[in-house]
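Residues per chain, in single letters:
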Amino acid sequence: MSSTAESAPTTPQVRAGREEFDPRLVVADMDGTLLDGEGRIPEGFWPLLERMHSRGIVFVPASGRQYATLSRLFERAPADTPYVAENGTYLVKDGLELASTTLARAIVVEAITYLRELGRTELELGVVLCGKRSAYVERADEPFVSEVRKYYAALEVVDDLLVPDDEVLKIAVFDFGDAETGAGPRLDRFREASQVVISNHHWVDIMASGANKGAAVQQLQQRLGITREQTVAFGDYLNDLEMLDTATWSFAMANAHPEVLARAAAIAPANTEQGMLTTLTELLDRAEG
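Right, let's walk through the structure included here.

The rules we used
Residues numbered from 1 in each chain as written. Predicted model: local features only at pLDDT ≥ 70, side-chain atom pairs only at ≥ 80, totals over all residues. Heavy atoms only, no water. Phe/Tyr/Trp six-rings, centres within 6.5 Å; stacked < 30°, edge-to-face > 60°. Helix = DSSP H or I, 4+ residues; strand = E, 2+ residues; numbered from the N terminus. Buried < 20%, exposed > 50% of the residue type's maximum accessible area, 1.4 Å probe, protein only. Contact = heavy atoms within 4.5 Å. Pairing = 2+ DSSP bridges. Axes fitted to C-alpha atoms, helices over the stretch in contact; angles between N-to-C directions. Parallel < 35°, antiparallel > 145°, perpendicular 65-115°, else oblique. Left-handed = near helix turned anticlockwise from the far one by under 90°.

The subject of this paragraph is the packing of aromatic side chains. What describes a pair of aromatic rings is the distance from one ring centre to the other and the angle between the planes of the rings. Tallying each qualifying case throughout the model produces 16 aromatic pairs. A ring pair is formed by F45 and F59, whose centres lie 5.0 Å apart and whose planes are at 55 degrees; its orientation type is tilted. With a gap of 14 residues between them, F45 in helix α2 (residues 45–54) and F59 in strand β2 (residues 58–61) connect regions that are remote in the sequence. Residue F45 shares its accessibility class with F59, and that shared class is buried. Taken together, the ring pairs connect F45, W46, F59, Y67, F74, Y83 and Y90 into an aromatic cluster.

Here it is, written out as structure tokens:
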């Protein structure tokens, strides 16, 4: 599947030589992929969703966002829509948990303790403890909380992040600077026992080893009896890499991270140009042609 950004074909022509195209699963990242430059679902997506549903194609939002946030964003979607939430640590369908991967208490304590010190001495950080019931923050200033609310609809401000009695899916770290050069490298100490992934320019997530969007999509594929050849995936950032590997039809957005551009089978126009909608329309036209 690997290719260079320069050589990767654009839009569905990448598979034009195939005699048969039978999409059954469409998986899409949110920020930088489906969502527009204002963080909204383009209105043109909803007719495409109806079109997919009528053909028996399952659409799956896959995001670092919380399940509560995703279900609110997709309140117009079919009730049985599956969700890959919290960067693959939480898989939900029909409002019920299908699978989850949680962090061990010892790692949570070690990470929170370290991040508190890092925030005091080196970087300006905000930390979100992401539980199944809610997300939790200690820092309550408006610049940080307003950023957090974009991704976590169920949010509580607490005095101590080590107090909430909830199963912890991940720890999300907001770096007010550049996560790739700031918080990201400093969290390398957790990579041996945990999964550390940079989700966008400002966010880094600590999760249990083996947890990622791709692993969650594979679980869903197995449950639904859907193959990699029947799967289409769209993504733009480093937390989408494994997800793209689950789909023969994998698309990086034109404004994606260089590693994502190199990993995907093809390139779609940027999210600011509604590139996913354009590409998906072409794919559906081909499937119906």
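Let us look at the environment of A68. When you line up the elements, A68 lands in helix α3 (residues 67–73). Owing to a relative accessible area of 28%, A68 belongs among the partly exposed residues under this scheme. The sequence separation of A68 and I112 amounts to 44 residues, and the corresponding C-alpha distance is 23 Å. Discounting residues that sit within four places of it in the chain, A68 has contacts with A153 and A154.

Counting buried positions over the 6 residues of strand β11 (residues 203–208) gives 6, a clear majority of the element. As paired elements, strand β9 (residues 168–175) and β11 share 4 bridges and run antiparallel to each other. Bridge pairing links A172 to D205 in β11. Strand direction decides the pairing type here: strand β10 (residues 194–198) and β11, joined by 5 bridges, are antiparallel. Within the sheet, the bridge partner assigned to V197 lies in β11 and is D205. Counted along the chain from β10 to the antiparallel partner β11, the turn is 4 residues long.

Look at α2 against helix α10 (residues 275–288): their axes get within 11 Å of each other, and the N-to-C directions meet at 30 degrees. When the axes of α2 and α10 are compared, the pair comes out roughly parallel. You can see that α2 and α10 cross each other, and the crossing is left-handed. Along its contact with α2, which presents F45, L48, R51 and M52, the element α10 presents L277, L280, T281, L284, D285 and E288.

The analysis is restricted to geometry; functional conclusions fall outside its scope.
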